[in-house]
Amino acid sequence: MAYQIPRGTADVFQEKSYSWQALEERLRQFCYLYNYDEIRTPIFEHTNVFKRENDSSDMVNKEMYTFTLPNSSTSLTLRPEGTAGTVRSFVENKMYANPDLPVKLYYMGPMFRHERPQKGRMRIFNQFGIECLGNKSPYTDVESIVLAFSILKSLGLKDIKVCLNTLGDDASRNAYREALKDYFKPYLEDLCTDCKRRYQQNPLRILDCKVDHDKEYMKHAPSMKDYLNEESKKYFDTVCQLLETLDIPYEVDDRLVRGLDYYSHTVFEIVSVNSSMGAQSTVLAGGRYDNLISYFGGPEGMSGIGWALGMERILLALEAEGIVLEEKPGLDAYVMCLDSQAQTYAFEILTQLRANGFRADMDYLQRGFKGQFKAVARSKAKFAILIGSNEMDSQEVSIKNIETQVQTTISRNEIIDFLDKEFD
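Residues numbered from 1 in each chain as written. Predicted model: local features only at pLDDT ≥ 70, side-chain atom pairs only at ≥ 80, totals over all residues. Heavy atoms only, no water.

S.K.: Sorry, what's going on with the overall build of the chain here?
M.R.: Secondary structure summary: the chain contains 14 helices and 16 strands in total. Against the 2.2 N^0.38 benchmark of 22 Å for 424 residues, the chain shows a C-alpha radius of gyration of 28 Å, more extended than a compact globule. If one aligns the C-alpha atoms of the chain with their principal axes, the spans along those axes are about 90 × 55 × 45 Å. Counting only residues that meet the buried cut, the chain has 51% of its 424 residues in that class. Contacts in the chain between residues far apart in sequence, at least 24 positions, make up 71% of those at least 6 positions apart. If you sum the accessible surface of the chain, you get close to 21200 Å²; carbon and sulfur atoms cover 49% of it. Here the chain carries 51 positive and 62 negative side-chain charges, and the mean point of each set is 5 Å from the other. (Helix = DSSP H or I, 4+ residues; strand = E, 2+ residues; numbered from the N terminus. Rg over C-alpha atoms; globule rule 2.2 N^0.38 Å. Buried < 20%, exposed > 50% of the residue type's maximum accessible area, 1.4 Å probe, protein only. Contact = heavy atoms within 4.5 Å. Areas by Shrake-Rupley, 256 points an atom, 1.4 Å probe, with all protein chains shown as cover. Lys, Arg positive; Asp, Glu negative; His and termini not counted. Charge placed at Lys NZ, Arg CZ, Asp CG, Glu CD.)

Here is the structure:
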């Protein structure tokens, strides 16, 4: 049986890799502008970093890859998301003592969730995210949304919108939880199995159910806005006013609760409205968290905000709008060896070109003239450098401009100057 890639995973290679590199570079450029530093955390953490208290999220309850070390009771989990590990590192390394808070970090890399694979949803997926840690302000909420929106618009995406909501502070959220429990109590037997669990753990998550969302009683559930205290209302109003001031279009969605239990106050998603995206239309999501830093042993009352985007999902959204980030670039030069005796000389020329910054390659298959010229065309080389025994003996090369078809013979010592002038 032939070896095959595991279900829910993908290889990225050759032409596709250039779009990935272009996306990664764009993300890094924006983080540089916004003064975010990179953080690289382990691919696996102790399980209690992700499995916290009475967490109701599907990620914790159904999707984590957890294993026990041999001859040990130590439980480890492949990271299903990036926030928890980043906050753990923030606390463990005492970054909260930085005199210039907030500490602004970004991460990029693979995450792991065991769920049903489908378009835009993988078991190993790549995520980019930012975390702004150490202060609580509607201004940093809006900064993070502006950063997210600016990145997506710079990529050329047009069919996107910002969906926004607030979960309020602890007091507001507790009052809302009780209201939801009272409301859903008569329908408890009709709820799906997951929602029966959510009813006990975190009834807000019932609003995010994909199974029960079309049922009539779901449409009339209480709204968070009716349970916000004055402080929470003022905070959210400031967020909305700042977005309007900066001309960032948004919609308030009072059913938006996000999939993880640690959020408070501002939560948001940026979704694609392009029909070809189907069910997986959310390209970026995040929110504020007031208690996660203290959970990991950091200072009480220290807050953070962050978001993450699925890189596969972003590339699908770009494809849906017909946007190509980057194609594989052509070679500057392709060295054609026309005589096996001159192969070492040709290899010396190739190495000389690369040492001087030219993107170059050569034929290693000892193909004939016609076969090598086909390779020149496939590589989109701007110049073909033809080398045979005569050129080796005279320490020369013949250089052909593929666009103009003009061919010139020069000494090997003149190659770099010649190409420098041509490319200038």
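S.K.: Just to check I follow, could you spell out the pairing of strand 11 (residues 304-310) for this structure?
M.R.: It is a general feature of regular strands that their side chains alternate between the two faces of the sheet. Along strand 11, 7 of the 7 residues are buried, which leaves the element largely enclosed by surrounding structure. Pairing geometry for strand 6 (residues 124-133) and strand 11, over 7 bridges, is antiparallel. Residue pairing across strands places I130 opposite W307, the latter belonging to strand 11. The sheet contact formed by strand 10 (residues 282-289) and strand 11 spans 6 bridges and is antiparallel. By the bridge assignment, R288 is partnered in strand 11 with I305. (Pairing = 2+ DSSP bridges.)

S.K.: Looking at this structure, how should I read the side chain of N165?
M.R.: For N165, the location among the structural elements is in strand 7 (residues 160-166). Separated by 3.4 Å, the side chain of N165 and the backbone oxygen of D253 make a polar contact. Those residues in contact with N165, other than ones at most four positions away along the chain, are F236, D253, D254, R255, L256, H265, T266 and V267. (Polar contact = N/O pair within 3.5 Å; in protein donor to acceptor, adjacent residues only side chain to side chain.)

S.K.: What's the story with the pairing of strand 16 (residues 407-411) in this structure? I'm lost.
M.R.: Judged from the 5 bridges that link them, strand 15 (residues 396-401) and strand 16 form a sheet pairing that is antiparallel. Looking across to strand 16, one finds that E396 is bridged to S411. Hairpin connection from strand 15 to strand 16: 5 residues lie between these consecutive antiparallel strands, with Q405 at a positive phi of about 65°.

S.K.: Hey, could you run me through the sheet that holds strand 10 in this one?
M.R.: Whether parallel or antiparallel, the strands of a sheet pair through hydrogen bonds between backbone atoms. The mixed open sheet is built from 8 strands, whose spatial order is 1-5-6-11-10-9-7-8. With partners counted over all chains shown, the strands left at the sheet margins are strand 1 (37-38) and strand 8 (250-252), one partner each. Across 10 bridges, strand 5 (residues 103-112) lies against strand 6 in antiparallel orientation. Counterpart to V103 in the pairing with strand 6 is L133. Relative to strand 6, helix 3 (residues 83-92) is tilted by about 40°, and along the sheet it contacts strand 5, strand 6 and strand 10. (Axes fitted to C-alpha atoms, helices over the stretch in contact; angles between N-to-C directions.)

S.K.: What should I look at first to understand the pattern of salt bridges in this one?
M.R.: Pairs can form between side chains of opposite charge once their charged atoms are near each other. Counted under the stated rule, the structure contains 18 salt bridges. Put simply, K136 and D290 hold a salt bridge, and the shortest N to O gap is 3.0 Å. Remark: D290 occurs in the loop between strand 10 and helix 9 (292-295) and K136 occurs in the loop between strand 6 and helix 4 (138-154); sequence separation between them is 154 residues. Here D361 and R354 are joined by a salt bridge, their closest N and O atoms 3.5 Å apart. The partly exposed category is assigned to D361, whose relative accessible area is 29%. By relative accessible area, which is 39% here, R354 ends up partly exposed. (Salt bridge = Lys/Arg side-chain N within 4 Å of Asp/Glu carboxyl O.)

S.K.: How do you make sense of the sheet that holds strand 13 (residues 360-362) when you look at a structure like this?
M.R.: Read from one edge to the other, the open sheet built from 5 strands follows the order 13-12-14-15-16, with strand pairing classed as mixed. Edge strands, defined here as strands with exactly one partner in the open sheet, are strand 13 and strand 16. Within this sheet the neighbouring strands show an average axis-to-axis angle of 25°, counted without direction. Contacts from helix 11 (residues 343-355) reach strand 12 (333-337), strand 13, strand 14 (383-387) and strand 15, with the element oriented near 165° to strand 13.

S.K.: Before we go on, may I ask you to explain the packing of aromatic side chains in this structure?
M.R.: Centre-to-centre distance and the angle between the planes together describe a pair of aromatic rings. With the rule as written, the count across this model stands at 14 aromatic pairs. Seen from their ring centres, F128 and W307 are 5.8 Å apart, and the 50° between their planes marks the pair as tilted. In this pair, F128 sits in strand 6 while W307 sits in strand 11, placing the two residues 179 residues apart along the sequence. Considered together, F128 and W307 belong to a single accessibility category, that of buried residues. (Phe/Tyr/Trp six-rings, centres within 6.5 Å; stacked < 30°, edge-to-face > 60°.)

S.K.: Please explain the packing of helix 1 (residues 15-33) against helix 10 (residues 311-320) as it appears in this structure.
M.R.: A packed helix pair is summarised by two numbers, namely the angle formed by the two axes and the spacing between the axes. Where helix 1 contacts helix 10, the two axes come as close as 11 Å, and the packing angle between them is 110°. The orientation of helix 1 with respect to helix 10, classified from their angle, is roughly perpendicular. Judged by residue contacts, S19, W20, L23, E24 and L27 of helix 1 engage M311, E312, I314 and L315 from helix 10. (Parallel < 35°, antiparallel > 145°, perpendicular 65-115°, else oblique.)

S.K.: Would you take a moment to explain a negative patch on the surface for this structure?
M.R.: Together, E414, D417, D420 and D424 make up a negatively charged patch on the protein surface. Looking at the element boundaries, E414 is found in the loop between strand 16 and helix 14 (415-423). (Patch = residues over 30% accessible without salt bridge, like charges linked within 9 Å, V, L, I, M, F, W, Y side chains within 5 Å.)

S.K.: Where do I start with helix 14 in this structure?
M.R.: Note on helix geometry: an α-helix contains 3.6 residues per turn, so any two residues three or four positions apart are oriented the same way. Restricting attention to buried positions, one finds in helix 14 the residues I415, I416, F418 and L419. Considered in projection along helix 14, the buried side chains sweep an arc of 160° and stay on one side of the axis. Considering only its buried residues, helix 14 is in contact with helix 11, strand 14, strand 15 and strand 16. (Arc of directions from axis to C-beta.)

S.K.: Would you mind going over unusual backbone geometry with me for this structure?
M.R.: Among all residues except glycine, the phi angle is most often negative; among peptide bonds, the trans geometry is most common. Between L101 and P102 the backbone carries a cis peptide bond, its omega angle lying at 5°. When you line up the elements, P102 lands in the loop between helix 3 and strand 5. The phi dihedral of N71 is positive, around 55°, even though this residue is not glycine. One can find N71 in the loop between strand 3 (66-68) and strand 4 (75-78). The phi dihedral of Q405 falls on the positive side, at around 65°, and the residue is not glycine. One can find Q405 in the loop between strand 15 and strand 16. Accessibility expressed as a relative area gives 46% for Q405, which makes it partly exposed.

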